[in-house]
Amino acid sequence: MNDFYYRETDGVVTLHCRALDSVPGVRHCFTTRRGGVSEGYLATMNLSFSREDKENVTENWRRLCKAEGFCFERMTLTDQTHTTFVRLVDERTAGMGIAKDSDIKDIDGLMTCLPETPLAVFVADCAPILLCDRVGGAVAAVHSGWRGTHGGIAAKALQKMKEQFGTEAKNVIAVLGPCICQNCYEVGQDFKDAFADWDAEHLFIPKGEKYHFDLKGANRQVLERAGVEEIYITDECTSCNPDLLFSHRATGGKRGNMAGIIQLTGNR
Ligand SMILES: [Zn+2]
């Protein structure tokens, strides 16, 4: 049986990890293009407010929250700039991004122990990673493109969860949602050179003068080295499925954003 499955609620199609589904008191999903009201190249479930599609995006978030049982009023969004910064979401910041104006700036990961406070990261080829402390009752959502991956943002999130909540990596379930696959991710020598300080040879397949980079495998390495034992990574590729998923590469940047979302429900 596949570790992941798609489901549809009122037209909203989302991808779920069975193992994370089975953890009590936690709700999560990875969104697709299906179920929203945006049009053209943003069709239909664009979730980013950065593309002059504000009214539609707000409606998309409403539809998504209703379908998946997320708290719309407290949905909290990142402000992603390919950093490795992770921010604690507390009562003041909960809801920043949609229901409340946001002072969350240059942040690629969010974490919280508050119930009914969904955390969302945006992706369209980059890797969305959801972290859940099974024992401590804390969650995090991380955006990991190649820069975030290189800087180990998932490990930094785990370190911050440890400092803030006492999270032990061995109690964490990590789930990586749809992102670009190795076959679709062609990179040049400069990119490979940037990983010279990594143990990364096995993550590059040479192809002529170029390479193909394994973004999923690189994030698995970050998570494993941080001590996470339970890791689920979907086979789904954004660039292989541009009709179902938003892909930056497959569209030359004319695309909307999907989200990876995690929320504690308060019923543990
Ligand atoms: Zn692909």
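Residues numbered from 1 in each chain as written. Predicted model: local features only at pLDDT ≥ 70, side-chain atom pairs only at ≥ 80, totals over all residues.

(A) The sheet that holds strand β3 (residues 26-31), seen in detail. The six strands are arranged β1-β2-β3-β15-β7-β4 in an open sheet whose pairing can be described as mixed. The sheet is open, and its two borders are formed by β1 (4-9) and β4 (76-77), each paired with just one other strand. In the sheet, β4 pairs with strand β7 (residues 119-123) via two bridges, with the strands oriented parallel. The residue bridging L77 from the neighbouring strand is A120, located in β7. Sitting on the sheet, helix α2 (residues 54-68) touches β1, β2 (12-17) and β3, and the angle it makes with β2 is about 50 degrees. (Pairing = 2+ DSSP bridges. Helix = DSSP H or I, 4+ residues; strand = E, 2+ residues; numbered from the N terminus. Contact = placed C-beta atoms within 7 Å. Axes fitted to C-alpha atoms, helices over the stretch in contact; angles between N-to-C directions.)

(B) Main features of the nonpolar core. With 76 residues, the main nonpolar core has L131, V139, A140, A141, V142 and A157 as its most contacted residues. Apart from the residues lying within four places of it in its own chain, the contact partners of L131 are V139, A140, V142, A157, L158, M161, V172 and A174. (Core = buried A, V, L, I, M, F, W, Y, C linked by C-beta atoms within 7 Å. Buried ≥ 20, exposed ≤ 12 C-beta atoms within 10 Å, placed from the backbone.)

(C) Geometry of the sheet that holds strand β13 (residues 210-213). As summarised here, the arrangement of the three strands in space is β11-β13-β12, forming an open sheet in which the pairing is antiparallel. Of all strands in the sheet, those bounded by a partner on one side alone are β11 (186-187) and β12 (204-207). Pairing between β11 and β13: two bridges, direction antiparallel. Bridged to V187 within β13 is Y211.

(D) Representation of the environment of V37. Following the sequence through the fold, V37 ends up in the loop between β3 and α2. The exposure class assigned to V37 is partly exposed, which follows from the 18 C-beta atoms found within 10 Å. Distance from V37 to N60, taken between C-alpha atoms, is 6.4 Å for residues 23 residues apart in sequence. Among all residues touching V37, those that are not within four sequence positions of it are T44, N56, E59 and N60.

(E) Structural detail: the pairing of β1. Sheet topology places β1 next to β2; six bridges connect them, and they run antiparallel. Bridge pairing in β2 links Y6 to L15. The turn joining β1 and β2, which pair antiparallel and follow one another in sequence, is formed by two residues; a positive phi near 50 degrees is taken by D10.

(F) Local environment of α2. Helix length check: α2 (15 residues) gives 21 Å between terminal C-alpha atoms against 21 Å at 1.5 Å per residue, within 8%. Along α2, the residues classified as buried are N56, V57, N60, W61, R63, L64 and C65. If you follow the buried residues of α2, they end up packed against β2 and β3. Just downstream of α2, G69 is the residue with a positive phi angle, here 75 degrees. (Expected span 1.5 Å × (residues − 1).)

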